[in-house]
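Listed below, chain by chain, are the residues.
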2 protein chains.
Amino acid sequence: MMDGQGTTRTEALMNAVRAKIANRALGPGDRLPSVRSFARTMGASPSTVVDAYGRLEAEGVIRARRGSGFYVTGADLPPMALAGMGPPGARAVDPLWVSRQSLDAAPSALKPGCGWLPPEWMPHAALRKGLRELARAEDGLLSDYGGARGAPGLRRLLLGRLADEGVAASIDHVMLTGSGTQAIDLICRLFLRPNDAVLVDDPCYFNFQALLRAHQARVVGVPFTPTGPDTSAFERVLKEENPRLYITNSALHNPTGASLSPQTAHRVLSAAAAHGVTIVEDDIFADFEPALSPRLAILDGLNRVIRTGSFSKTLSASLRCGYIAARPDWIEGLADLQIATSFGGPSPVATGLVAGVLAGGGYRKHMDRLRNRLTCARMAAAERLRPLGVVPWIMPRGGFYLWCRLPDGQDSTTLAQRCLEENVILAPGNVFSVSQTAGAFLRFNVAQLDDARTFAVLQKAMAKG
Amino acid sequence: MMDGQGTTRTEALMNAVRAKIANRALGPGDRLPSVRSFARTMGASPSTVVDAYGRLEAEGVIRARRGSGFYVTGADLPPMALAGMGPPGARAVDPLWVSRQSLDAAPSALKPGCGWLPPEWMPHAALRKGLRELARAEDGLLSDYGGARGAPGLRRLLLGRLADEGVAASIDHVMLTGSGTQAIDLICRLFLRPNDAVLVDDPCYFNFQALLRAHQARVVGVPFTPTGPDTSAFERVLKEENPRLYITNSALHNPTGASLSPQTAHRVLSAAAAHGVTIVEDDIFADFEPALSPRLAILDGLNRVIRTGSFSKTLSASLRCGYIAARPDWIEGLADLQIATSFGGPSPVATGLVAGVLAGGGYRKHMDRLRNRLTCARMAAAERLRPLGVVPWIMPRGGFYLWCRLPDGQDSTTLAQRCLEENVILAPGNVFSVSQTAGAFLRFNVAQLDDARTFAVLQKAMAKG
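Residues numbered from 1 in each chain as written. Chains lettered and ligands numbered in written order. Predicted model: local features only at pLDDT ≥ 70, side-chain atom pairs only at ≥ 80, totals over all residues. Heavy atoms only, no water.

- The name given to chain A in an unreviewed UniProt entry is PLP-dependent aminotransferase family protein, and the organism recorded there is Camelimonas fluminis.
- Its UniProt record gives chain A the following Sequence similarities (unreviewed entry) comment, quoted word for word: "In the C-terminal section; belongs to the class-I pyridoxal-phosphate-dependent aminotransferase family." (UniProt positions renumbered as here; feature names shortened; annotations may be inferred.)

As structure tokens, this is what we get:
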């Protein structure tokens, strides 16, 4: 018997079982419903169920045990999927979409949607000098694991930055990690259990969602305004959802480029304190600010706020080094988790290189140049997008993102799929939005917008309506 | 009222609540038992419970909500502990103990218990040459993230090795990771849910236990013999526990140095197939073998067996680079998880360096030298331990471990604590043993045994009885 899709009843039952296994409602070793009860549930005849189970057994998906029914073997259990599988082009436009497209882009691709600066903006002279110096470093640095919390030299540089901002901290407040994302991942491991609620901004950095999905957390969005999260909504959601963590960018927020106002900072921190919520403040864009804007970690003095960051946006993403600043007892637990899951911190070679470049006099000049260059690029980008009817939500005070509203009737996911066919990788609004309400937005990286082809391809895609 | 330890009844109740929070029986936002029911459970008066709850509220640990009782705030929730906290010297001798002691050892410490070669055994000339070459590499390699699965060049080198072993695989079978441990961690993320059973050898590498604890897996040990796991026990445990994964080292097993026999390999793989168990074969010591011994991944052709490894033991632990070889559909899911949790693969700078050294003609010579040197060190170590009554369980055919039985009446945990006071870091047997039945064993690293002080300190510690 066939349904509308040309699927037989037997195949429909097989698909139902496969779906239960795919979404892990049934795990390996779990017993399937009895033939009679599954037939009743599915409105099918017992003989159809017997047929379906038999074919699934032949495929190795389930296995009969004498006298006790059928069990999931797990042999062909599809892995716990974060995203829809399939060839990259055919993948769903979900929170992993932009990352996969950008990381694995062909060299010829244009990447106005990606989250980093083009190589020619990075301080290669300093990196090359650092590598030549490393070639003369002591043996241990080149071949040993390094300490569990990472090199003290780089940790002290980070402490110096905290001290400049008015936060008195000790070396026990800081550890290094394999990346900024890994820093947040370790924190999630320390604090979250499956189904814990976690608050994020809506919109927020898409990888926060992918990461939280990997932790099986319940992701709850709070509407984001040009001065930070909507504080009334924030307070209401704290009450209703009892979240364990709030993960945010306070300065040069991704994707909007907005920064927290002092009043919002104070209200957010007070509400978090009242509800026992731990805050993860991802400060990855800190050095792109023209001047320090309010930070939750500073107001709070690293009590319930944890600061994370990395050097991927300003120095090199190839070195893979992030950091965490937090209460020493939490750092202790995070360092244990980093040993258990990565066997130690980031590469001592990489941290040596980062520390050398940061301590060298050239870093401040490099950042001055980057900030100026980005200011010009931001204004130029806004100028070139305006004729297309694409308008910045706000004009950020730094960084490389421009969060732009499309003309009425345009859907950014559709545009992103069309532009991908022309080898232009966009960042459509809904990959950033828990509530899926940002379909009218695109995030542009103003440093990746100097090719006229981007605008031509975008215009053509928009013309299709 | 005071009990034997000088704790008041109120404090005892407070401690009971804190313990529930510490072991996460109570999470943030969870409601505490009512005063009446907690009093009944604890055999205390309601007024003592009111007192205890009030003091916990004053500490910010719990919070009253009008008319609905007390709730855990989470504000002062101790992080999810992997290990007992406290200053390093005072930590419990658990699966994280050796790692913490070894990674954070003072430069003057002797480390016969650590799991890596001394710096002077590593190929520094090749590493320095590689760094000088990297200083002239193209910009993108020095500052970009690199692809989601890691550099194709190094992946192809690994494919070549698989082909030499008779496994036909494609580039889609291989991905690079931030370390060998991170490779296994990603696999656990893909396959495990909390409380899933995972099989390990007893004894096994201690960090498998720490890692599985971080995944809240149920760790089940199978007795290990000189030819691999005890196959009858393995088959019985598969039936009884329905494990999702089996994690093992087939060749030069850590800590025993044993290698799988062909018969055991076949039986283990057949049993795993019959029960739908996925196998993780951590092949980190592969290059230390004088000749290829049986491998599950080869027998199986990368179907249900996943191979992991790294370059930390033979090239450099400072570079942080591991790999996974597995079915392409699993690699796809693992690459997604690596993006979500680390934003991409290992450092392209590091993988470039590793690939350069591996492809250079010197690597084969370096490994020949290492193997010869280790054979001598192994025999010398056995020779020097014999007068102490410390006897190898087997004489391994390669690698740097010697798993040794102590004389009757000696406890390796006690010895390890005594020797730590003398700045000698040992690896006591029970950190490797799920069943805690290896108290009479120590794992020695024969490459870290050239200082006579180690033997003197050990002898002194044993003399205390």
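Next comes the rest of the description.
1. Points about the relation of the copies chain A and chain B
Alright, step 1. Mapping chain A onto chain B calls for a screw motion: a turn of 180 degrees about the axis and a shift of 0.0 Å along it, with 0.1 Å RMSD after fitting. In symmetry terms, the pair is related by a two-fold rotation axis.
Alright, step 2. When the interface residues of chain A are mapped onto chain B, 100% of them again lie at the interface, so the same face is used by both copies. (Least-squares fit on C-alpha atoms with pLDDT ≥ 70 in both. Contact = heavy atoms within 4.5 Å.)

2. What about helix α3 (residues 46-58) of chain B?
It helps to recall that an α-helix has 3.6 residues per turn; residues three or four apart then point in one direction.
All names here are of chain B.
Alright, step 1. For α3, built from 13 residues, the straight-helix expectation of 18 Å at 1.5 Å per residue is met to within 8% by its first-to-last C-alpha distance of 18 Å.
Alright, step 2. Of all the positions in α3, only Thr48, Val49, Ala52, Tyr53 and Leu56 are classed as buried. On an axial view of α3, the arc spanned by its buried residues comes to 135 degrees, and they lie on one face. Residues of α3 that are exposed and point more than 90 degrees away from the buried face comprise Ser47 and Ala58.
Alright, step 3. One or two steps after α3, the chain reaches Gly60, where phi turns positive at roughly 85 degrees. (Helix = DSSP H or I, 4+ residues; strand = E, 2+ residues; numbered from the N terminus. Expected span 1.5 Å × (residues − 1). Buried < 20%, exposed > 50% of the residue type's maximum accessible area, 1.4 Å probe, protein only. Arc of directions from axis to C-beta.)

3. Here we look at the side chain of Ser433 of chain B
All names here are of chain B.
Alright, step 1. Of note, Ser433 is situated in the loop between β13 (427-428) and β14 (441-445).
Alright, step 2. Engagement of the side chain of Ser433 in a polar contact is seen with the side chain of Asp202, the distance being 2.8 Å.
Alright, step 3. Within the structure, Ser433 has its side chain in polar contact with the side chain of Ser435 (distance 3.3 Å).
Alright, step 4. Excluding residues that lie within four positions of it along the chain, Ser433 makes contacts with Asp202, Pro203, Gln209 and Ala438. (Polar contact = N/O pair within 3.5 Å; in protein donor to acceptor, adjacent residues only side chain to side chain.)

4. Re the layout of surface pockets
Alright, step 1. Size it by volume and the largest pocket reaches roughly 1,200 Å³.
Alright, step 2. In terms of lining residues, the largest pocket is bounded by 43 residues, among which Gly147 of chain A together with Ser102, Leu103, Asp104 and Ala105 of chain B are the most central.
Alright, step 3. Put simply, the parts of the chain that give the lining of the largest pocket at least two residues each are α6 (139-143), α7 (152-164) and α14 (348-359) of chain A together with α4 (97-103) of chain B.
Alright, step 4. When residues in the lining of the largest pocket are grouped by element, the largest group, four residues, is from α4 of chain B. (1 Å grid on protein atoms, 1.4 Å probe; cavity = no way out; pocket = protein on both sides within 12 Å on 5 of 7 lines; lining within 4 Å. Points joined across faces, edges and corners; volume = space filled by probe spheres on them.)

5. As for the packing of aromatic side chains
Alright, step 1. In this structure the tally under the stated criterion is 34 aromatic pairs over all chains.
Alright, step 2. On the basis of an interplanar angle of 50 degrees and a centroid distance of 5.2 Å, the ring pair of Tyr205 of chain B and Phe206 of chain B is categorised as tilted.
Alright, step 3. For Tyr205 of chain B, a relative accessible area of 13% translates into the label buried.
Alright, step 4. For Phe206 of chain B, a relative accessible area of 3% gives the class buried.
Alright, step 5. An angle of 70 degrees between the planes, with centres 4.8 Å apart, marks the rings of Phe400 of chain B and Tyr401 of chain B as edge-to-face.
Alright, step 6. Residue classification places Tyr401 of chain B among the buried positions, given a relative accessible area of 4%.
Alright, step 7. Grouped by ring-pair contacts, the aromatic residues Tyr205, Phe206, Phe208, Trp403, Phe432 and Phe441 of chain A constitute a single cluster.
Alright, step 8. We note Arg327 of chain B situated over the ring of Trp330 of chain B; from NZ or CZ to the ring centre the distance is 4.1 Å. (Phe/Tyr/Trp six-rings, centres within 6.5 Å; stacked < 30°, edge-to-face > 60°. Lys NZ or Arg CZ within 6 Å of the ring centre and 35° of its normal.)

6. Looking at the sheet that holds strand β9 (residues 305-310) of chain A
Residue and element names in this part refer to chain A.
Alright, step 1. Taken in spatial order, the eight strands of this open sheet run β3-β10-β9-β8-β7-β4-β5-β6, and their pairing is mixed. Every interior strand has two partners, whereas the edge strands, β3 (174-177) and β6 (228-229), have only one.
Alright, step 2. Sheet strands touched by helix α10 (residues 231-241): β4 (197-202), β5 (218-225), β6 and β7 (245-248). Its angle to β5, the strand with the most contacts, is close to 165 degrees. (Pairing = 2+ DSSP bridges. Axes fitted to C-alpha atoms, helices over the stretch in contact; angles between N-to-C directions.)

7. What to know about the domain arrangement of chain A
Residue and element names in this part refer to chain A.
Alright, step 1. Assigned domains within chain A: domain 1 (9-72), domain 2 (91-121 + 364-463) and domain 3 (124-362).
Alright, step 2. The centre of domain 2, based on its C-alpha atoms, is set 24 Å off from the matching centre of domain 3.
Alright, step 3. Counting residues at the interface gives 31 residues for domain 2 and 34 residues for domain 3.
Alright, step 4. Taking both partners together, domain 2 and domain 3 bury about 2,700 Å²; carbon and sulfur atoms supply 62% of that area.
Alright, step 5. Summed over the shared surface of domain 2 and domain 3, the number is 15 residue pairs in polar contact (both at pLDDT 80 or more).
Alright, step 6. For the side of domain 2 that touches domain 3, the element with the highest residue contribution is helix α15 (residues 362-385), accounting for seven residues. (Domains from an automatic or database assignment. Buried area = accessible area lost by both parts, 1.4 Å probe.)

8. Quick notes on the packing of helix α5 (residues 124-134) of chain B against helix α14 (residues 348-359) of chain B
All names here are of chain B.
Alright, step 1. Where α5 contacts α14, the axes come no closer than 9 Å and their chain directions differ by 125 degrees. As judged from the angle between their axes, α5 and α14 are oblique. The chirality of how α5 crosses α14 is right-handed. Residues Ala126, Leu127, Gly130, Leu131 and Leu134 of α5 form the contact with α14, whose participating residues are Val349, Leu353 and Val357. (Parallel < 35°, antiparallel > 145°, perpendicular 65-115°, else oblique. Left-handed = near helix turned anticlockwise from the far one by under 90°.)

9. A short note on the nonpolar core
Alright, step 1. Phe444 and Leu458 of chain A together with Phe444 and Leu458 of chain B are the most contacted members of the largest nonpolar core, which totals 274 residues.
Alright, step 2. Beyond its immediate sequence surroundings of up to four residues, Leu458 of chain A is in contact with Leu385, Leu388, Leu415, Cys419, Leu426, Leu442 and Phe444 of chain A. (Core = buried A, V, L, I, M, F, W, Y, C linked by side-chain atoms within 4.5 Å.)

10. Some details on the pairing of strand β9 (residues 305-310) of chain B
Residues and elements named next belong to chain B.
Alright, step 1. Within β9, six of the six residues are buried, which leaves it mostly tucked inside the rest of the structure.
Alright, step 2. Here β9 shows a buried face lined by Val305, Arg307 and Gly309 and a second buried face lined by Ile306, Thr308 and Ser310.
Alright, step 3. As defined by bridge partners, strand β8 (residues 278-282) adjoins β9 across four bridges and the pair is classed as parallel. Following the sheet pairing, Asp282 is matched in β9 by Thr308.
Alright, step 4. Pairing between β9 and strand β10 (residues 322-325): four bridges, direction antiparallel. Each bridged residue has a counterpart across the sheet, and for Gly309 the counterpart in β10 is Tyr323.

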